[in-house]
Amino acid sequence: MSEQKDLQVIVDPELCQGHNRCKAIAPKLFELDEFGHAHVVGDGTVPPGLESKARLAEANCPEFAIKVAQA
Ligand code: F3S
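My aim in this report is to walk through the structure given alongside it, one point at a time. (Residues numbered from 1 in each chain as written. Predicted model: local features only at pLDDT ≥ 70, side-chain atom pairs only at ≥ 80, totals over all residues. Heavy atoms only, no water.)

## Quick look at unusual backbone geometry
Reasoning step 1: Positioned with a positive phi, Asn-20 is a non-glycine residue whose angle comes to about 70°.
Reasoning step 2: With respect to the helices and strands, Asn-20 occurs in the loop between strand S1 (7-11) and helix H1 (21-25).
Reasoning step 3: Note on Asn-20: relative accessible area 31%, which makes it partly exposed.
Reasoning step 4: Despite not being glycine, Phe-64 has its phi angle at roughly 55°, a positive value.
Reasoning step 5: In this structure, Phe-64 sits in the loop between helix H2 (51-60) and strand S4 (66-70).
Reasoning step 6: Taking relative accessible area as the criterion, Phe-64 reaches 58% and is therefore assigned exposed. (Helix = DSSP H or I, 4+ residues; strand = E, 2+ residues; numbered from the N terminus. Buried < 20%, exposed > 50% of the residue type's maximum accessible area, 1.4 Å probe, protein only.)

Here's what the structure looks like:
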(Lines give C-alpha, C1' and ligand atoms only; values in the text may rest on other atoms or scores of the structure.)
Protein backbone atom coordinates (compact mmCIF):
# COMPACT_ATOMS: atom_id res chain seq x y z
CA MET A 1 0.00 0.00 0.00
CA SER A 2 1.48 3.32 -0.98
CA GLU A 3 1.13 6.15 1.45
CA GLN A 4 1.53 9.75 0.34
CA LYS A 5 3.52 11.64 2.94
CA ASP A 6 3.19 15.35 3.45
CA LEU A 7 6.09 17.61 2.64
CA GLN A 8 7.45 19.76 5.41
CA VAL A 9 9.24 23.05 4.84
CA ILE A 10 11.60 24.64 7.34
CA VAL A 11 13.60 27.86 7.45
CA ASP A 12 16.93 27.85 9.27
CA PRO A 13 16.92 31.12 11.24
CA GLU A 14 20.73 31.03 11.44
CA LEU A 15 21.01 31.13 7.65
CA CYS A 16 18.11 33.39 6.61
CA GLN A 17 19.32 36.86 5.69
CA GLY A 18 15.98 38.27 4.62
CA HIS A 19 16.23 38.03 0.86
CA ASN A 20 12.45 37.48 0.75
CA ARG A 21 12.46 35.39 -2.39
CA CYS A 22 10.63 32.64 -0.54
CA LYS A 23 7.71 34.87 0.34
CA ALA A 24 7.56 36.24 -3.21
CA ILE A 25 7.46 32.72 -4.62
CA ALA A 26 5.18 31.09 -2.07
CA PRO A 27 3.32 33.63 0.10
CA LYS A 28 1.11 30.87 1.48
CA LEU A 29 4.11 29.02 2.87
CA PHE A 30 6.24 31.82 4.30
CA GLU A 31 5.72 34.92 6.38
CA LEU A 32 8.20 37.58 7.38
CA ASP A 33 8.91 38.90 10.84
CA GLU A 34 9.59 42.53 11.71
CA PHE A 35 13.22 42.08 10.70
CA GLY A 36 12.29 40.69 7.29
CA HIS A 37 13.34 37.18 8.17
CA ALA A 38 11.22 34.30 6.96
CA HIS A 39 9.24 31.83 9.01
CA VAL A 40 7.04 29.01 7.84
CA VAL A 41 3.30 29.48 8.04
CA GLY A 42 1.80 27.19 10.66
CA ASP A 43 3.82 24.06 11.32
CA GLY A 44 5.42 24.09 7.86
CA THR A 45 3.29 21.34 6.38
CA VAL A 46 3.01 21.98 2.65
CA PRO A 47 -0.64 21.96 1.56
CA PRO A 48 -1.56 19.87 -1.49
CA GLY A 49 -0.76 21.73 -4.69
CA LEU A 50 2.02 23.85 -3.22
CA GLU A 51 4.77 21.22 -3.41
CA SER A 52 6.39 22.74 -6.50
CA LYS A 53 6.34 26.21 -4.94
CA ALA A 54 8.03 24.83 -1.83
CA ARG A 55 10.74 23.25 -3.99
CA LEU A 56 11.12 26.45 -6.00
CA ALA A 57 11.53 28.50 -2.84
CA GLU A 58 14.13 26.02 -1.58
CA ALA A 59 16.06 26.30 -4.84
CA ASN A 60 15.88 30.10 -4.93
CA CYS A 61 17.03 31.00 -1.43
CA PRO A 62 20.54 32.44 -1.88
CA GLU A 63 21.46 31.43 1.67
CA PHE A 64 20.24 27.82 1.36
CA ALA A 65 18.13 28.49 4.44
CA ILE A 66 15.09 26.55 3.22
CA LYS A 67 14.77 22.81 3.40
CA VAL A 68 11.91 20.74 2.07
CA ALA A 69 11.59 17.15 3.18
CA GLN A 70 9.06 14.40 3.69
CA ALA A 71 7.31 14.87 7.01
FE1 F3S B 1 15.41 34.14 4.13
FE2 F3S B 1 16.05 32.82 1.98
FE3 F3S B 1 13.61 33.62 2.31
S4 F3S B 1 17.32 34.31 3.01
S5 F3S B 1 13.74 35.48 3.55
S6 F3S B 1 14.67 32.14 3.57
S7 F3S B 1 14.73 33.64 0.41
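## Section: the site of the ligand
Reasoning step 1: As a matter of local geometry, the ligand sits amid Cys-16, Gln-17, Gly-18, His-19, Asn-20, Arg-21, Cys-22, Ala-38, Cys-61, Glu-63 and Ile-66.
Reasoning step 2: Here the residues of the shell around the ligand are counted per class, giving 5 nonpolar, 4 polar and 2 charged. (Near = heavy atom within 4 Å. Nonpolar A, V, L, I, M, F, W, Y, C, P; charged D, E, K, R; others polar.)

## Description of the pattern of salt bridges
Reasoning step 1: Scanning the model with the defined rule gives 1 salt bridge in all.
Reasoning step 2: The salt bridge partner of Glu-58 is Arg-55, with a shortest N-O separation of 3.9 Å. Residue Glu-58 and its partner Arg-55 are located together in helix H2, separated by 3 residues, close to a single helical turn. (Salt bridge = Lys/Arg side-chain N within 4 Å of Asp/Glu carboxyl O.)

## So, the pairing of S1
Reasoning step 1: Side chains Leu-7, Val-9 and Val-11 of S1 all project onto a buried face; the interleaved residues Gln-8 and Ile-10 project onto a face where none is buried.
Reasoning step 2: By the bridge criterion, 5 bridges tie S1 to S4 in an arrangement that is antiparallel. For Val-9, the partnering residue across the bridge sits in S4 and is Val-68. (Pairing = 2+ DSSP bridges.)

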